[in-house]
Amino acid sequence: MTDDVDYPAIARSAARWVGIGTGVALAASTGLLAVGSPREATDTAFALGALVLGFGVTAWSGAIGLGNSIERYQAYRDGDSQWTQAGARRAFAVLTWVGLGWALGAVAASVAIVGV
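The notes below deal with the structure included here.

**A closer look at the overall build of the chain**
For step 1, the next point in the chain: The helix and strand inventory of the chain stands at three helices and zero strands.
For step 2, the next point in the chain: What you see in the chain, going N to C, is helices and strands ordered as α-α-α.
For step 3, the next point in the chain: In summary, the chain has a C-alpha radius of gyration of 18 Å against a globular reference of 13 Å for 116 residues, an excess of more than 25%.
For step 4, the next point in the chain: Taken along its principal axes, the extent of the C-alpha atoms in the chain is 55 × 30 × 20 Å.
For step 5, the next point in the chain: Carbon together with sulfur atoms contributes 66% to the accessible area of the chain, which is approximately 7,500 Å² in total.

In structure tokens:
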């Protein structure tokens, strides 16, 4: 079942989304400097990144656990929403990787701006 998995492509995609999350963290930390101290800015950026990461992990696991049931229910109700378990897993994996990059980027910004 996992013989056709392209792990290098998955790693490239994950690295790209972590990089995007890191960029968001740096932009958020810089933007938040206008309204607070450097520590408050980086702490808030980290909290937002952790929120996105937590939501992504929670929703991803829910898509895995409930995905087949939702697909069967849609087939039973003749629904045409185009929702699929695979699509939901991909979407929430993206949120998870962006949240991870955001949290890591906020930590890096904190070390750079505030210090250790």
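**Observations concerning the side chain of Ser110**
For step 1, the next point in the chain: Among the structural elements, Ser110 can be located in helix 3 (residues 85-113).
For step 2, the next point in the chain: With a relative accessible area of 16%, Ser110 lands in the buried category.
For step 3, the next point in the chain: Among residues more than four places away in sequence, those in contact with Ser110 are Thr42 and Gly115.

**Points about the environment of Ala63**
For step 1, the next point in the chain: Relative to the elements of secondary structure, Ala63 occurs in helix 2 (residues 38-76).
For step 2, the next point in the chain: Overall, Ala63 belongs to the buried group, its relative accessible area being 5%.
For step 3, the next point in the chain: For the pair formed by Ala63 and Gly87, sequence separation is 24 residues and the distance between their alpha carbons is 9.2 Å.
For step 4, the next point in the chain: Other than its neighbours up to four places away in sequence, Ala63 contacts Gln85, Ala88, Arg89 and Phe92.

**Some details on a nonpolar patch on the surface**
For step 1, the next point in the chain: A cluster of nonpolar side chains, contributed by Phe46, Val107, Val111 and Val116, occupies part of the molecular surface with about 420 Å² of accessible area.
For step 2, the next point in the chain: Counting through the fold element by element, Val111 comes out in helix 3.

**Some points on the packing of helix 1 (residues 7-32) against helix 3**
For step 1, the next point in the chain: Between helix 1 and helix 3, the shortest axis-to-axis distance is 6 Å and the interhelical angle comes to 45 degrees. Relative to helix 3, the element helix 1 lies oblique. Viewed along their axes, helix 1 and helix 3 form a crossing whose handedness is right-handed. Across the interface between the two elements, Ala14, Trp17, Val18, Gly21, Thr22, Val24, Ala25, Leu26, Ala28 and Ser29 of helix 1 pack against Val94, Trp97, Val98, Leu100, Gly101, Trp102, Gly105, Ala106 and Ala109 of helix 3.
For step 2, the next point in the chain: The residue makeup of the contact of helix 1 with helix 3, split by class, is 14 nonpolar, five polar and no charged.

**Quick look at the nonpolar core**
For step 1, the next point in the chain: Counting residues in hydrophobic clusters, the biggest one holds six residues: Ala25, Ala28, Ala45, Val52, Trp102 and Ala106.
For step 2, the next point in the chain: For this core, the secondary structure elements donating two or more residues are helix 1, helix 2 and helix 3.
For step 3, the next point in the chain: Apart from the residues lying within four places of it in its own chain, the contact partners of Ala28 are Ala45 and Trp102.

**Quick word on helix 1**
For step 1, the next point in the chain: Relative to the 38 Å expected for 26 residues at 1.5 Å per residue, helix 1 spans 37 Å between its end C-alpha atoms, a close match to the ideal helical length.
For step 2, the next point in the chain: Of all the residues in helix 1, the buried ones are Ala14, Val18, Gly21, Ala25, Ala28 and Ser29.

**Observations concerning the environment of Gln85**
For step 1, the next point in the chain: Of note, Gln85 is situated in helix 3.
For step 2, the next point in the chain: Gln85 sits 16 residues away from Ser69 along the chain, and the two C-alpha atoms are 9.4 Å apart.
For step 3, the next point in the chain: Every residue in contact with Gln85, bar those within four places of it in the chain, is listed here: Ala63, Ile64, Gly67, Asn68 and Glu71.

Calculation rules
- Residues numbered from 1 in each chain as written.
- Predicted model: local features only at pLDDT ≥ 70, side-chain atom pairs only at ≥ 80, totals over all residues.
- Heavy atoms only, no water.
- Helix = DSSP H or I, 4+ residues; strand = E, 2+ residues; numbered from the N terminus.
- Rg over C-alpha atoms; globule rule 2.2 N^0.38 Å.
- Areas by Shrake-Rupley, 256 points an atom, 1.4 Å probe, with all protein chains shown as cover.
- Buried < 20%, exposed > 50% of the residue type's maximum accessible area, 1.4 Å probe, protein only.
- Contact = heavy atoms within 4.5 Å.
- Patch = residues over 30% accessible without salt bridge, like charges linked within 9 Å, V, L, I, M, F, W, Y side chains within 5 Å.
- Salt bridge = Lys/Arg side-chain N within 4 Å of Asp/Glu carboxyl O.
- Axes fitted to C-alpha atoms, helices over the stretch in contact; angles between N-to-C directions.
- Parallel < 35°, antiparallel > 145°, perpendicular 65-115°, else oblique.
- Left-handed = near helix turned anticlockwise from the far one by under 90°.
- Nonpolar A, V, L, I, M, F, W, Y, C, P; charged D, E, K, R; others polar.
- Core = buried A, V, L, I, M, F, W, Y, C linked by side-chain atoms within 4.5 Å.
- Expected span 1.5 Å × (residues − 1).

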